[in-house]
Amino acid sequence: MAVPSTKKYVVVGCGWVGLRAVLALEKTFPAADITVLEMNGKDYVDINATTPRMLVEPSFCNDVYQPLTAAWGKASLVGVSKVKEVGPGRVVYIDAVGGEERVLDDLNGVVLATGTVQSSPLIKDVTGMAKADRIAQITVFRDAVRDSKAGVVVVGGGATGVEVAGEIGTDFPNVKCTLINKEALLLRGSAKREKMHKIVQKQLIHMGVRVINDDFVEGLREDYIGDVKTYTTSKGEKIDADVVIICAGGHPNVPYAPDEAKDAKTGALIVNNAMLCEKLSSDPAKPVWALGDCTIYGGRGSSGNAQIAAFTASVKYYDAKGNVEGGPAKYKHKDSESELSLISLGRKGGALSMPFPNKMMGKAMKAKDLGLKFMYNKEFGLKV
């Protein structure tokens, strides 16, 4: 039996993958009633890949933070301060304006795309700042880096930490910048990691960034701007700094989910290969899907594309059958080491892992504008 023509869907969270889910629903169900729940005053497109550049160039936010309503068709946006509960055909939330508890029920389906909570609110804002407030927050950090006398410490040698250090080294070459990486090699999870490490580290050092590998500062887990502090690593290295940014650590942002719906090790939502959360809805006629970094699979690289494809196939099956039972399960997870790794280092450098690890292609593909114009036009039809 087919689902009635007027359908009701809720998408919780509207970052990169959440917005793509909205567009997939609109394409499949042009007449559907689609409600997007986003935190507080966040009414703009925001993608993690652009954050390092914005931290040194706050004006870049005006290109990145395009209105969500310009990217989709008829979906409606609702600001919330908290999502309390998700279940079959039902979402309970606290309204951001009045603070009242509200219930959306009798839904055909729910899509969860709530991402992660990072150690640094600069790296990822999960509170839902209004655009002006977010730009002001970033500007305070940029000014502190620009005016730093003692130096800046970037904690974490993954892709984000490396890119933040590269942006600082490019825009503020006279500011001392130290990148502390707990592991022996940079870029954990990167394809061709050893070669990518060498390419990236060489560029960072050439920029004047001090790279400390296989070391850490005990208890350093929060951003800092203020008077000069001296930090001592586990191996006795001393680093003076008046600015610290944490680019390591984080966990799935799923406070609405009961323990049985989450992976015991990672805390991420358990999903199958149709991207369905069967622990949140055992009713195949009222499915709950989850996508991206809030799931056990994460959302790095092309895995986001594969998840959207699997979600779309499941949605189309649901449209035809009225339930998801026995539907397609098309997602095939790949470890991040097998995915293409693309790193930018300011506007002057970068690295790409495939077809062979090199600087030239990484710089050409991403360094200038992080591929923003291409991505926005291709994915959302937005021109910036």
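Structure's up top.
First things first, this report covers the structure right here in the doc. (Residues numbered from 1 in each chain as written. Predicted model: local features only at pLDDT ≥ 70, side-chain atom pairs only at ≥ 80, totals over all residues. Heavy atoms only, no water.)

**With respect to the packing of helix α1 (residues 16-28) against helix α10 (residues 372-380)**
And step 1. At their nearest, the axes of α1 and α10 sit 11 Å apart, and the two run at 30° to each other. Taken together, the axes of α1 and α10 are roughly parallel relative to one another. Taking contact as the criterion, the partners of Trp-16, Leu-19, Arg-20 and Leu-23 in α1 are, on α10, Met-375, Tyr-376, Glu-379 and Phe-380. (Axes fitted to C-alpha atoms, helices over the stretch in contact; angles between N-to-C directions. Helix = DSSP H or I, 4+ residues; strand = E, 2+ residues; numbered from the N terminus. Parallel < 35°, antiparallel > 145°, perpendicular 65-115°, else oblique. Contact = heavy atoms within 4.5 Å.)

**Examining the packing of aromatic side chains**
And step 1. The final tally for this structure, using the stated rule, is 7 aromatic pairs.
And step 2. An aromatic cluster of three or more residues is present, and its members are Trp-16, Tyr-376 and Phe-380.
And step 3. A cation over a ring is seen here: Lys-42 above Tyr-44, with NZ or CZ 5.4 Å from the ring centre.
And step 4. The ring of Phe-216 has Lys-182 sitting right over it, with the charged end atom 4.9 Å from the ring centre. (Phe/Tyr/Trp six-rings, centres within 6.5 Å; stacked < 30°, edge-to-face > 60°. Lys NZ or Arg CZ within 6 Å of the ring centre and 35° of its normal.)

**What to know about the nonpolar core**
And step 1. One finds Leu-112, Val-154, Leu-204, Leu-269 and Trp-289 to be the most contacted residues of the largest nonpolar core, which totals 103 residues.
And step 2. Core analysis: the second largest hydrophobic core is formed by 12 residues, Val-153, Val-155, Ile-180 and Val-244 among them. (Core = buried A, V, L, I, M, F, W, Y, C linked by side-chain atoms within 4.5 Å. Buried < 20%, exposed > 50% of the residue type's maximum accessible area, 1.4 Å probe, protein only.)

**A closer look at the sheet that holds strand β5 (residues 101-105)**
Sheet strands associate in pairs through backbone hydrogen bonding, adopting either a parallel or an antiparallel arrangement.
And step 1. Sheet architecture is open: 7 strands sit in the order β5-β4-β3-β2-β1-β6-β14, paired in mixed fashion. Each edge of the open sheet carries a strand with a single partner, namely β5 and β14 (288-290). Pairs of neighbouring strands in the sheet enclose a mean axial angle of 35°, with direction left out of account.
And step 2. In this structure, strand β4 (residues 90-95) lies alongside β5, joined through 5 bridges in antiparallel fashion. Residue pairing across strands places Ile-94 opposite Glu-101, the latter belonging to β5. (Pairing = 2+ DSSP bridges.)

**Some points on unusual backbone geometry**
And step 1. Looking along the chain, the bond that leaves Met-354 and enters Pro-355 is cis, with omega of 5°.
And step 2. Here Pro-355 shows up in the loop between β16 (349-352) and α9 (360-367).
And step 3. The backbone of Asn-40 sits at a positive phi, close to 45°, despite the residue not being glycine.
And step 4. As for its position among the elements, Asn-40 is in the loop between β2 (33-39) and α2 (51-56).
And step 5. Residue Asn-40 is classed as partly exposed on the basis of its relative accessible area, which comes to 34%.

**Things to note about the pattern of salt bridges**
And step 1. The final tally for this structure, using the stated rule, is 20 salt bridges.
And step 2. Put simply, Asp-106 and Lys-286 hold a salt bridge, and the shortest N to O gap is 3.9 Å. Note that Asp-106 is positioned in the loop between β5 and β6 (109-112) and Lys-286 in the loop between β13 (250-252) and β14, a separation of 180 residues in sequence.
And step 3. A salt bridge links Lys-378 to Glu-379; the shortest N-O distance between them is 3.3 Å.
And step 4. Residues joined by salt bridges that share partners form a network here, namely Arg-142, Asp-143, Arg-146 and Asp-147. (Salt bridge = Lys/Arg side-chain N within 4 Å of Asp/Glu carboxyl O.)

Just geometry here; none of it tells us what the structure is for.
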